[in-house]
Amino acid sequence: MQDPLNVPFDFVRRPTPVLATLRPEWRIASLLLTLYQCWGNRATRRQLHVLNWALRTPEARQAFVHVIAGNLRPDEAIVRFDPVVDRALQFASGELLVITSGEMVFLTGKGEQFVKLLMKQKECMVVEKKFLASLGRKLTQVQVDAFLTLEAK
Amino acid sequence: MSLRLRQIEIRISTLRGRFGTRLHFDSSGLVIVRAKNTSGKSTCVQSLIYALGLEAMLTVNQQVPPLQYAVLSRFQYKNEEIRVDESEVLVELENGSGEIITIQRAIVSSTKKTNLISVWNGPMLTQKDTNLERSDYFVRVEGAAQRPLGFHTFLAAFLGWKLPAVSRFDGPDVPLYLECIFPLFVIEQKHGWSGIQSRMPTHFRIREMGKRAIEFVLKLDSYRIAADRQRLREQLNSVSNRWERVVTEVNARAGAFGAVIRNIPPTPRVGWPLVPPPQCLVFDGKEWESVQLATTRVSDRLRELSAIEVPTISEDASRVTEALRAAQKELASLEVAMARANQDNEVEESQNGSIRERIRALEADLQNYQDLKRLRDIGSDLNLSVVTGRCPTCEQEINDVLLPQAAAAPPMSFEENIKFIAGQISAFSTMLSDSERVLEGRRRSMTAIRARLQELRASIRAYRQALTSPEKNASAGAVRERMVLEANIHTYESVSDLLDTALDALGTLAREYEEYSSAMEQLKGDTSGQDESKLQALQLSFVSQLKQYGFSSLSPSLLRISRDTFRPVYEGFDLGFNLSASDMIRTIWSYLYGLMEVARTADTNHLGLLVLDEPRQQQADKVSFAEFARRAAGAKAVGQQVIFLTSEDHETLSSMLAGVDHQYIDFVGEKMIQPLGI
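1. So, the overall build of chain A
- Each helix and strand counted, chain A has 7 helices and 3 strands in total.
- Sorting the 153 residues of chain A into buried and exposed places 35% on the buried side.
- If you take every contact in chain A between residues at least 6 apart in sequence, the share linking residues at least 24 apart comes to 66%.

Written out as structure tokens, the structure reads:
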């Protein structure tokens, strides 16, 4: 009888599943949404990191609201700087959706067009839009910096 | 089951005397009515529809009859404008059994209501018979098709039709209204030619109205089959619901006694009694055992004890001491068991919690992927290169992910990933339901242990008390043991009763379920064999007519009659948009006349009547209806009637109709509305 193990075989590399939030389109969209929410359609890279961290989980969203309101619990909030945000930023700037200049990131007209199309899609990114809307129309740099200075302490 | 028009008469009273128009049809067969355009042909057809109380085919407006000004307010006669004082329409009809009636409906009247239709039981128009009886019926009000005095109730009976009940998008079932059926028999000029059944009264909100109407006219079994299937499905659902209620209830009530019911399927099964047989388990502090065994054991013990007198304390002291020691030992071991059970339960609960959390996270990811698909659409609207998997700067191919691009394996595509997540969700859901089942079992045994612990503690107290009370007293421990046994027997009996009652109910349900399921089994397919042969015949007639009439938009042999909608389709799509205007007319001719041809050989509800008001000139100019006339002349031999109203000029017509058996009515160069001789 033939040895069942003694047969020729190949390895095939299977594609791996990836979280939707690690896909370029998702991150670029959330980046643009955040920029659009910031005062003057611009923000520093650090601000974007903070806001994108806040956007991702319910816990982070709550912690963020607490900081803005000035009543953070001692065990809350650890901002993670996510390299994925930087890569998304590079793609977005390659697509001319944003322009970067040193630390500053600006939303371009094309980027704004993207956001407006996204806003029209009522069913899309509901939670994220709702959260950003709850923060008020335009976030100021001071508000976000409050978060970063708190981190530094 | 047929209808033949004998005469249509429009009567208008004016200051200048009586005007109107009269169309007399000699017999069945092809009738050609020729009159100039704008001379009043459409008025005739619309008046016929109006006389039959079918104007919902033309309008939703209930206020003004949907007719031309000529019969409503004023008309032209010999360069003079004449005002309409009163007007009405009368139609003489004959049904399949040779009964003749005349119906009359007022159009403009100061004395007669327009929602009343008077019916005489004989040929009032063609024979001046005065001894006819008149009955009045109403139309266009609620119940016109259901109540005995409704005209459509009367008309349906006159036609020999039994109208099926159909379901609506809202509200209760209604009969298939005549307004839904007549668009297959009467085509009026204004809207009738844009498609098959183009004028349907959609405001009735009847589901699949067009399909139901065709089904009815062809007398297909498919409707009955669909209705039966729907009814059976509802009955099966109701049985399932009642079954689930019984199961939930018996489980909950058994749970209250610390018992567990096993082997009852959560949903109904075919086959009774259940295999394996349902069982009720009770917990005696150490093990689960069936309630029957437990009852026997406990009753035996009780019988043993009852046989002897209750001992005094001094007699019983050594036994009580022994029992106390045993009870204390059991208490200790059960307390350990309880602690362990508690711990196991906590582990399982945290496991359960993490499964739930995992499912939540997966569902969030799935939602994000749904969003991603939309984002991708936006991205491609804006021509972003990442959407196509290319780097926007260097145009090289990139991995569709924001991890380092050199990372090991390529990511899944969107579709793969969505499928993957859905698979994970279903796997974790299975795990969750398994974990729920285990938790429920744990909870039950904990309830039972707790009850047993309480019982033991009470026994221990009683033994202690017994050992310290006066020696001549009856042994409280011995009394207590008897009481506990009795209470247990009582509990076990209640639980057994519960199960028996539940099984009685389930047995009845199982028989119902079996009956409905086997009925459902027998309902195979959507159409019966008879339906199929009718549809085949319709398809044959339809295609051969299209060829005969010179249909050219598509190859006629590629068209078929859909077994789903019963309408003509091309490669599965409803015929319509891809046709030229003249081919649309040929299609409508072929389909409607096809229904008529099928009715000659098969048992249908077709009336054997077709009234076609020719489409307006600009659409029709290329359609020669000579071939149609030739084919429609065949109606005469089988007693069917085809009435064709046209504005072709006389010479063309007479050459087209050479050799075709027909009745010819010509309004030479005149308006159809003229002074009417009495």
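2. Remarks on the interface of chain B and chain A
- Between chain B and chain A, the contact holds 30 residues from the first and 30 residues from the second.
- Ranked by residues supplied to the side of chain B that touches chain A, first place goes to helix 8 (residues 313-381) of chain B with 11 residues.
- Grouping the constituent residues of the side of chain B that touches chain A by class yields 18 nonpolar, 5 polar and 7 charged.

3. What about the sheet that holds strand 1 (residues 3-14) of chain B?
Residue and element names in this part refer to chain B.
- Spatially, 9-8-7-6-1-2-22 is the arrangement adopted by the 7 strands of the open sheet, whose pairing is antiparallel. Two strands in the sheet have a free side with no partner beyond their single neighbour: strand 9 (134-138) and strand 22 (674-675).
- The pairing of strand 1 with strand 2 (residues 17-24) spans 8 bridges and is classified as antiparallel. Its bridge partner lying in strand 2, Ile12 is registered against Phe19.
- Sheet strands touched by helix 1 (residues 41-51): strand 1, strand 2, strand 6 (86-95) and strand 7 (100-108). Its angle to strand 6, the strand with the most contacts, is close to 75°.
- Seen against the sheet, helix 3 (residues 151-159) touches strand 1, strand 6, strand 7, strand 8 (116-120) and strand 9 and runs at an angle of roughly 120° to strand 9.

4. A look at the pairing of strand 2 of chain B
All names here are of chain B.
- The antiparallel hairpin formed by strand 1 and strand 2 contains 2 residues in its connecting segment.
- Two elements, strand 2 and strand 22, share 2 bridges in a ladder whose sense is antiparallel. When the bridges of strand 22 are listed, Phe19 appears paired with Pro675.

5. Description of the sheet that holds strand 14 (residues 279-283) of chain B
All names here are of chain B.
- One open sheet holds the 3 strands; their spatial order is 13-14-15, and the pairing between them is antiparallel. Lying at the two open borders of the sheet, with one neighbouring strand each, are strand 13 (260-262) and strand 15 (288-290). Across the sheet, the mean angle from the axis of one strand to that of its neighbour is 35°, orientation sign disregarded.
- Looking at chain direction, strand 13 and strand 14 are connected through 3 bridges and run antiparallel. Residue pairing for strand 14: Ile261 is matched across the bridge by Cys280.
- Set on the sheet, helix 7 (residues 291-307) makes contact with strand 14 and strand 15; between it and strand 15 the angle comes to about 90°.

6. Description of helix 6 (residues 126-134) of chain A
Residues and elements named next belong to chain A.
- All buried positions along helix 6 are accounted for by Glu128, Phe131 and Leu132. On an axial view of helix 6, the arc spanned by its buried residues comes to 95°, and they lie on one face. Exposed residues on helix 6 whose side chains face more than 90 degrees from its buried face are Val126, Lys130, Ala133 and Ser134.
- Contacts made by the buried residues of helix 6 are with helix 1 (24-37), helix 2 (45-56) and helix 3 (58-69).

Conventions and cut-offs
Residues numbered from 1 in each chain as written. Chains lettered and ligands numbered in written order. Predicted model: local features only at pLDDT ≥ 70, side-chain atom pairs only at ≥ 80, totals over all residues. Helix = DSSP H or I, 4+ residues; strand = E, 2+ residues; numbered from the N terminus. Buried ≥ 20, exposed ≤ 12 C-beta atoms within 10 Å, placed from the backbone. Contact = placed C-beta atoms within 7 Å. Nonpolar A, V, L, I, M, F, W, Y, C, P; charged D, E, K, R; others polar. Pairing = 2+ DSSP bridges. Axes fitted to C-alpha atoms, helices over the stretch in contact; angles between N-to-C directions. Arc of directions from axis to C-beta.

Bear in mind that shape data such as this cannot, by itself, settle questions of function.
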